[in-house]
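Letter by letter, the chains look like this.
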Amino acid sequence: MEQISIGYGAIALPDEALATPSRSHSGIVRLDIALRGSTRDFLDAPAPDPRKRADEFHAWMQARVDFGGFPYAKTLLGNPRPVSTLRLADGREISGLNFSSQDYLNLSTHSCVTEVAIEAIRQFGLHSAGSTALAGNCALSTELEIAIAELVHTEYVSLFPTGWAAGFGAVKALIRPTDHVVIDQLAHNCLLEGAAAATRNVHIQRHLDIEHARRLLTRIRAKDCLNGILLVTEGVFSMNSDSPDIRAMQALAAEYDAVLLVDVAHDLGCMGPGGTGQIGIQGMLGQVDLVMGSFSKSFASNGGFVASNRPAVKEYLRFYASPNTFSNALSPVQVATILKSTRIIQSSEGETRRKALMNAIHALRTALELRGRIVLGSPSPIVPVHVGTDAVARLACGVMAERGLITNLVEYPAVSLNTARLRLQVMSEHSAFDCKLAAEIADASVKHANDTVFGH
């Protein structure tokens, strides 16, 4: 029995761990490297040559890859179907249940969607050849803006080349250095990065804690009645699959003369009446100050948007949101894809696909809970399964891949220490059998990893 340190305490590791997963390894030193540390270790370390940090990170990452089961940098070798083949970072090809793709409604392979994409290429070519501030939009772009505005019940929509660009660009454009951002601690990276780039006055709100948000806003307004405040939350948080009280957040924003921004990346299209997401579920359509979203989850394409009821906001973002002003606009094929997906989402077929998706979500959550697994949050296309220590989670992911389950791992610093979780992403074409089998593999793999690390 070997004792190894994994950054937050020593664990006992039996000799058998060197054979988990069943691959050749380079010994206990490399195993120690593979199971300890995090990406944060290589972020702020001083180095006279910034490439040195990259070298150190690469060595650590390569140790994890060599150990086997590295759950990142996977390559999809075909369509994002419920059963797919992916290439792992170590070069192995794994075929199995695919719970790692975020094509929630399986529209990326829909025949009508692919047909309009091909027709857009014939009509407009492949490239938009400019930013939206210049000549980057095509005729379909205006149609898409109108369609998304109708979906979220606002008057105006600004399109962005990616969802990340929309989140970062909106915050960075609207907030000046003297303004304030009050933001949920689990908000997406694009929103946190946008806030940090815009102002030093970033106030982190405890997750979903409205009273804490109120205290932060009270404290700000007690000292500053002149500058703006942006209050930021999400429709569905991707780490916990939980949602805020949007009505209460909007009322709070109004009370303190703040502006509410809600990121609907993971719920718009795939949840709620007519695909309107949590804003629709909570009866807040048309009542939220700013709605920001990504097309990459339910709309079969890269891209993002920001919606509001003010034409001035749309034009301001066109010229002051740098990812919009200085990036190429969405290509015609992307615009056509998203537009057709939006039409399907709003149709009876969209409702059928959402029902199938929710059935699969419930089947997966139920199967996991019946096996004693802690499933976080409430039903959404993201099913987070608590694992615990990063070491156990890393080992479990390797075992899962070899047993035919492909999923994603969330570990520190994306979540706090000892709260690593699997993030299974469900698609409408996943069957009840797929979900039951995935739960069986996940449960057995985590048990195997726990036994390996802790010896029980």
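Residues numbered from 1 in each chain as written. Predicted model: local features only at pLDDT ≥ 70, side-chain atom pairs only at ≥ 80, totals over all residues. Heavy atoms only, no water.

**Let's talk about the overall build of the chain**
Of regular secondary structure, the chain possesses 15 helices and 16 strands. Here the chain has a C-alpha radius of gyration of 23 Å; the compact-globule value for 456 residues is 23 Å, and the two agree. For the chain, the spread of C-alpha atoms along the three principal axes comes to 65 × 55 × 45 Å. Taking all 456 residues of the chain together, the buried fraction comes to 54%. When contacts within the chain are restricted to residue pairs at least 6 apart in sequence, those whose partners lie at least 24 apart make up 69%. Surface exposure of the chain reaches about 18,600 Å², of which carbon and sulfur atoms provide 54%. (Helix = DSSP H or I, 4+ residues; strand = E, 2+ residues; numbered from the N terminus. Rg over C-alpha atoms; globule rule 2.2 N^0.38 Å. Buried < 20%, exposed > 50% of the residue type's maximum accessible area, 1.4 Å probe, protein only. Contact = heavy atoms within 4.5 Å. Areas by Shrake-Rupley, 256 points an atom, 1.4 Å probe, with all protein chains shown as cover.)

**Thoughts on the sheet that holds strand E5 (residues 93–98)**
Strand pairing in a sheet relies on backbone hydrogen bonds. The paired strands run either parallel or antiparallel. Spatially, four strands are ordered E3-E4-E5-E14 in an open sheet, and the strand pairing comes out mixed. Two strands close off the open sheet at either side, each with one partner strand: strand E3 (75–76) and strand E14 (405–406). In this structure, strand E4 (residues 83–87) lies alongside E5, joined through five bridges in antiparallel fashion. Residue pairing across strands places Thr85 opposite Ser95, the latter belonging to E5. (Pairing = 2+ DSSP bridges.)

**Here's the deal with the nonpolar core**
Grouped together as the largest cluster of nonpolar side chains are 87 residues, with contacts concentrated most on Phe99, Phe305, Leu364 and Val383. Sorting elements by how many residues they give to this core places helix H15 (residues 432–454) first, with eight residues. Ignoring anything within four residues of it in the chain, the contact list for Val383 reads Ile361, Leu364, Arg365, Leu368, Val375, Leu422, Arg423, Leu424 and Val426. Membership of the second largest hydrophobic core comes to 23 residues, among which are Ala170, Ala187, Ala195 and Leu230. (Core = buried A, V, L, I, M, F, W, Y, C linked by side-chain atoms within 4.5 Å.)

**Brief notes about the pairing of strand E8 (residues 202–205)**
Bridge count for strand E7 (residues 180–184) against E8 is four bridges, and the pairing is parallel. Looking at the pairing, Ile183 lines up with Ile204 of E8.

**With respect to the packing of helix H14 (residues 390–403) against H15**
Between two packed helices, what matters for the description is the angle formed by their axes and the separation of those axes. Put simply, H14 and H15 touch, their axes get as near as 8 Å, and they point 135° apart. It follows from the interaxial angle that H14 and H15 lie oblique. Seen along the crossing, H14 lies across H15 with a hand that is right-handed. Residues Val392, Leu395, Ala396, Val399, Met400 and Arg403 of H14 form the contact with H15, whose participating residues are Ile441, Ala442, Ala444, Ser445, Val446, His448, Ala449, Asn450, Thr452, Val453 and Phe454. For the contact of H14 with H15, the per-class residue count stands at twelve nonpolar, four polar and one charged. (Axes fitted to C-alpha atoms, helices over the stretch in contact; angles between N-to-C directions. Parallel < 35°, antiparallel > 145°, perpendicular 65-115°, else oblique. Left-handed = near helix turned anticlockwise from the far one by under 90°. Nonpolar A, V, L, I, M, F, W, Y, C, P; charged D, E, K, R; others polar.)

**Quick look at the UniProt feature "domain: Aminotransferase class I/classII large" (unreviewed entry) in the chain**
What UniProt calls "domain: Aminotransferase class I/classII large" (unreviewed entry) maps, in this numbering, to residues 97–436. Strand forms 16% of residues 97–436 and helix 44%; the C-alpha atoms that close the span are 11 Å apart. (UniProt positions renumbered as here; feature names shortened; annotations may be inferred.)

**Some points on the confidence of the model for the chain**
When pLDDT is averaged across the chain, the result is 91; 93% of the residues are at 70 or more. Residue range residues 1–29 is modelled with pLDDT below 50. Its contacts to residues more than four positions away, or to other chains, number 76 contacts. (pLDDT = per-residue confidence, 0-100.)

**Thoughts on the packing of aromatic side chains**
Given two aromatic rings, their pairing is described by the distance between the two centres and the angle made by the two planes. Scanning all chains against the criterion turns up eight aromatic pairs. Ring plane angle 40° and centroid distance 5.4 Å describe the contact between Phe42 and Trp60, whose orientation is recorded as tilted. Note that Phe42 is positioned in the loop between helix H1 (28–35) and helix H2 (50–67) and Trp60 in helix H2, a separation of 18 residues in sequence. For the pair formed by Phe42 and Trp60, the shared burial category is buried. Clustering of aromatic rings is evident, with ring pairs tying together Phe42, Phe57 and Trp60. (Phe/Tyr/Trp six-rings, centres within 6.5 Å; stacked < 30°, edge-to-face > 60°.)

**Quick word on a nonpolar patch on the surface**
On the surface, a cluster of nonpolar side chains totalling about 330 Å² of accessible area is made up of Tyr316, Phe319 and Tyr320. Structurally, the position occupied by Tyr320 is in helix H10 (residues 311–320). (Patch = residues over 30% accessible without salt bridge, like charges linked within 9 Å, V, L, I, M, F, W, Y side chains within 5 Å. Salt bridge = Lys/Arg side-chain N within 4 Å of Asp/Glu carboxyl O.)

**Some remarks on the side chain of Glu234**
Turning to its location among the elements, Glu234 is positioned in strand E9 (residues 229–234). Although Glu234 is buried, it makes no salt bridge; Arg423 carries the closest opposite charge, 8.3 Å away. Among the polar contacts made by the side chain of Glu234, one reaches the main-chain amide nitrogen of His188 at a distance of 2.5 Å. Beyond its immediate chain neighbours, meaning those up to four positions away, Glu234 contacts Leu186, Ala187, His188, Leu191, Pro244, Val262 and Asp263. (Lys, Arg positive; Asp, Glu negative; His and termini not counted. Polar contact = N/O pair within 3.5 Å; in protein donor to acceptor, adjacent residues only side chain to side chain.)

**A word on helix H12 (residues 332–345)**
Here H12 is 14 residues long and its end C-alpha atoms lie 20 Å apart, about the 20 Å a rise of 1.5 Å per residue gives. For H12, the buried fraction is high: eleven of the 14 residues fall into the buried class. Every buried residue belonging to H12 is among Pro332, Val333, Val335, Ala336, Thr337, Ile338, Leu339, Ser341, Thr342, Ile344 and Ile345, and all of these are buried. On its buried face, H12 is in contact with helix H3 (111–124), helix H4 (139–152) and helix H13 (348–370). (Expected span 1.5 Å × (residues − 1).)

**A few points about H2**
In an α-helix, one full turn covers 3.6 residues, which means residues spaced three or four apart are oriented alike. Between the first and last C-alpha of H2 there are 27 Å, a value that for 18 residues agrees with the 26 Å anticipated at 1.5 Å per step. Three or more residues of H2 are buried, namely Trp60, Ala63, Arg64, Val65 and Phe67.

**Here's the deal with the packing of H3 against H12**
Across the interface, H3 lies against H12 with an axial gap of 8 Å and an inter-helix angle of 145°. Taken as a pair, H3 and H12 cross one another with a handedness that is right-handed. Listed contacts from H12 to Cys112, Val113, Val116, Ala117, Ala120, Ile121 and Phe124 of H3 are Pro332, Val333, Ala336, Thr337, Lys340, Ser341 and Ile344. Across the contact of H3 with H12, the residue classes break down as eleven nonpolar, two polar and one charged.

**Let's talk about unusual backbone geometry**
Trans peptide bonds make up most of the peptide bonds, and negative phi angles are found at most residues other than glycine. Look at the link from Tyr412 to Pro413: it is a cis peptide, with omega at 10°. Relative to the helices and strands, Pro413 is located in the loop between strand E15 (408–410) and strand E16 (420–425). With phi around 55°, Asn106 is a residue other than glycine that occupies positive phi space. What makes Asn106 buried here is its relative accessible area of 0%. Positive phi, normally seen in glycine, also occurs at Ala300, with a value near 65°. Note on Ala300: relative accessible area 22%, which makes it partly exposed.

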